[in-house]
Amino acid sequence: MNGLRLIVGVSMLAMGAGTVVLAAHLNSQPGGMPDLIVDQAALRQHWVVRTENLPAEFCSVEEGGITPGEHRLVWFSVATPNIGDADLVVGDPNDHLNDGLFELASCHAHYHFKHYALYELVDPATGTVWKAAKRGFCMIDIEKFQGYTGTVDNKRHFFSCGAIGIPGNQGISKGWSDVYVWKLGGQYFLLDGGDGQPPVPPGEYVIRITVNPPFVAAAGEACPNVDPQGFCHTLPESDYANNIAQVSITIPDHNGRKAVGPLKNEPLLTVEPIDGK
């Protein structure tokens with residue numbers, strides 16, 4: 001995805017105590033800040049290497065340029081809790097049609113927030129990186145984060161992705177987590193080259209997930225939020241140093257029909273669920 005380049009056109013504004021929303025101008029934030037992390041424990045417990053049929057009607061196949069049919073792949077789940085002292089409020093995608101934050105996923109028939117997270121499969125020996133099939137994200141409250149120690153009302157505030165002419169309300173409440181469960185479209189790395197990337201040889205690998213990834217703004221490109229190292233980020237946070245989690249996995253020589261990993265007993269998919277529904 002061209003490294004970590006994002007094209008954005010918004011900044012941030014604090015709205016009352018405990019809420020931060022994206023807006024057109026930079027203002028002070030007296031009510032606290034969100035802080036996104038990747039739940040490493042959830043990632044470690046939710047992955048599997050197996051062979052699976054990916055039919056042409058799966059949205060991830062259509063959007064990812066994948067050759068339909070049987071493929072060897074790694075499924076995985078990602079959870080991104082907000083452990084800050086403010087909600088992260090993005091709001092209705094229909095209000096962001098001209099600022100580059102969202103794109104319409106025609107196959108899913110709803111809006112996806114672009115560049116919310118970066119999924120990488122890394123060979124630690126060579127530094128080679130493979131990208132996942134995931135192409136977009138819908139940020140909503142899925143489950144309460146049990147590790148949250150701050151004050152929270154335990155209410156789910158964000159639960160609608162939105163569509164053309166249909167209002168949505170995206171964001172992540174403090175103390176809540178957005179979760180992309182392994183069976184959702186695009187939550188996998190293809191291992192056999194069926195997506196145009198080089199095949200992944202057997203061996204030891206790292207799944208590396210970065211939420212709200214950094215980027216270097218090109219000339220004329222907006223830089224909504226800057227971390228202490230000078231890199232730009234789309235979303236405002238109190239701490240950009242805790243945005244990465246990674247786990248080690250083993251890709252066997254020939255797993256055939258036998259699944260490998262914590263989710264090895266999960267049934268094969270016959271449909272591809274859509275995030276946010």
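Our structure is the block above this text.
No experiment lies behind these values; they were computed from the predicted model shown.

Trainee: Talk me through the overall build of the protein; I want residue IDs and the actual numbers.
Mentor: Looking only at helices and strands, the protein has two helices and 18 strands in total. Classification of the 277 residues of the protein by burial places 54% in the buried group. Total accessible area on the protein is roughly 12,200 Å²; 54% of this is exposed by carbon and sulfur atoms.

Trainee: Outline the pairing of strand 15 (residues 203–211), listing residues and values.
Mentor: Where strand 9 (residues 117–122) lies against strand 15, six bridges are found, and the strand directions are antiparallel. Bridging from a neighbouring strand, V122 pairs with V206 of strand 15. Relative to strand 18 (residues 244–251), strand 15 runs antiparallel, the two being bridged by eight bridges. Looking at strand 18, one finds that R208 is bridged to Q246.

Trainee: So what about the packing of aromatic side chains? Which residues, and what values?
Mentor: Evaluated as defined, the whole model comprises eight aromatic pairs. Aromatic pair W75 and W182: ring centres 5.8 Å apart, planes at 80 degrees, arrangement edge-to-face. Separated by 107 residues along the polypeptide, W75 in strand 4 (residues 69–76) and W182 in the loop between strand 13 (176–180) and strand 14 (188–190) bring together distant segments of the chain. Under the relative-accessibility criterion, W182 is labelled buried at 4%. Through a chain of ring-to-ring contacts, the aromatic side chains of F76, Y116, Y119, F137, Y180 and F189 assemble into a single cluster. In this structure, K134 packs its charged tip against the face of F137, placed 5.5 Å from the ring centre.

Rules and cut-offs
Each chain has its residues counted from 1, following the order in which its sequence is written. Reporting in this predicted model follows two pLDDT cut-offs: at least 70 for local features of residues, and 80 or more for side-chain atom pairs to be given and counted; totals over whole chains, interfaces and linings ignore these cut-offs and use all residues. Heavy atoms throughout the structure, all of them, feed into the side-chain values; hydrogens and water do not. Each helix is a run of DSSP H or I of at least 4 residues and each strand a run of E of at least 2, with the numbering of both proceeding from the N terminus. Three exposure classes are used, based on accessible area relative to the maximum for each residue type with a 1.4 Å probe and protein chains only: buried under 20%, partly exposed in between, and exposed over 50%. Only the protein chains shown count as cover for residues, and all accessible areas are computed by the Shrake-Rupley method using a 1.4 Å probe. If DSSP finds at least two bridges between two strands, the strands pair. Side-chain rings of Phe, Tyr and Trp, where Trp is taken by its six-membered ring, are said to pair if the distance between their centres is within 6.5 Å; with planes under 30 degrees apart they count as stacked, over 60 as edge-to-face, and otherwise as tilted. Consider the ring centre and the ring normal. A charge sits over the ring if Lys NZ or Arg CZ is within 6 Å of that centre and within 35 degrees of that normal.

Taken by themselves, the reported measurements are silent on function.
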